[in-house]
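# Structure at a glance
The residues making up each chain are set out below.
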Amino acid sequence: MSALVRILTAFLIAITGIALVPAGAHAHADLVRSTPEDGENLQVAPDQIVLTFNEEQFEELIEVSILDASGDLVMATEAEQTPPPGTDVFVPWPADLPPGEYSVAFRVVSEDGHPVTGQVAFSY
């Protein structure tokens with residue numbers, strides 16, 4: 001009988017251990033890189049802004065806005081992915097914006113379903 005008790009005890013310990021191990025923690029998407037980098041001072045206006053995340057983004061749930069130095073909305077703009085879904089978000093830069101300080105504010109939704117917001121500031 002003690003062998004049966006030991007087997008049942010080992011089984012219960014194993015099941016409890018499996019139940020306590022996280023089934024893959026779902027972290028939110030993080031911006032891992034941007035071009036230009038946050039705070040960068042460019043000599044000329046960029047052709048595009050590239051935001052690189054650590055997870056794929058749902059293309060239809062990407063929102064991007066361009067803000068001026070005061071934080072006022074200059075324009076909401078379209079963003080693209082290549083290929084969708086992907087980890088890179090490409091924001092074409094409007095050629096008619098004068099030199100100055102700008103921020104690209106974003107709201108994305110990654111595979112975990114949580115929205116992530118942030119912004120990257122730069123000047124030229």
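See the structure printed just above.
First, a word on what this report is: a plain description of the structure on this page. (Residues numbered from 1 in each chain as written. Predicted model: local features only at pLDDT ≥ 70, side-chain atom pairs only at ≥ 80, totals over all residues. Heavy atoms only, no water.)

## Focus: the side chain of glutamine 81
When you line up the elements, glutamine 81 lands in the loop between strand 5 (73-77) and strand 6 (86-92). Given a relative accessible area of 5%, glutamine 81 falls into the buried group. A polar contact of 3.5 Å, which involves the side chain of glutamine 81, links it to the backbone nitrogen of glutamate 59. A distance of 2.9 Å separates a polar atom in the side chain of glutamine 81 from the backbone oxygen of glycine 86. (Helix = DSSP H or I, 4+ residues; strand = E, 2+ residues; numbered from the N terminus. Buried < 20%, exposed > 50% of the residue type's maximum accessible area, 1.4 Å probe, protein only. Polar contact = N/O pair within 3.5 Å; in protein donor to acceptor, adjacent residues only side chain to side chain.)

## So, the environment of proline 84
Inspection of the secondary structure assignment puts proline 84 in the loop between strand 5 and strand 6. In this structure, the C-alpha to C-alpha distance between proline 84 and phenylalanine 58, residues 26 residues apart in sequence, is 7.7 Å.

## What to know about the side chain of glutamine 57
Looking at the secondary structure, you find glutamine 57 in strand 3 (residues 48-57). A distance of 2.7 Å separates the side chain of glutamine 57 from the backbone oxygen of glutamate 55, its partner in a polar contact.

## Comments concerning the sheet that holds strand 1 (residues 31-35)
Read from one edge to the other, the open sheet built from three strands follows the order 1-3-6, with strand pairing classed as antiparallel. Each edge of the open sheet carries a strand with a single partner, namely strand 1 and strand 6. On average, adjacent strands in this sheet sit at an angle of 20 degrees to one another, irrespective of strand direction. By the bridge criterion, four bridges tie strand 1 to strand 3 in an arrangement that is antiparallel. By the bridge assignment, serine 34 is partnered in strand 3 with leucine 51. (Pairing = 2+ DSSP bridges. Axes fitted to C-alpha atoms, helices over the stretch in contact; angles between N-to-C directions.)

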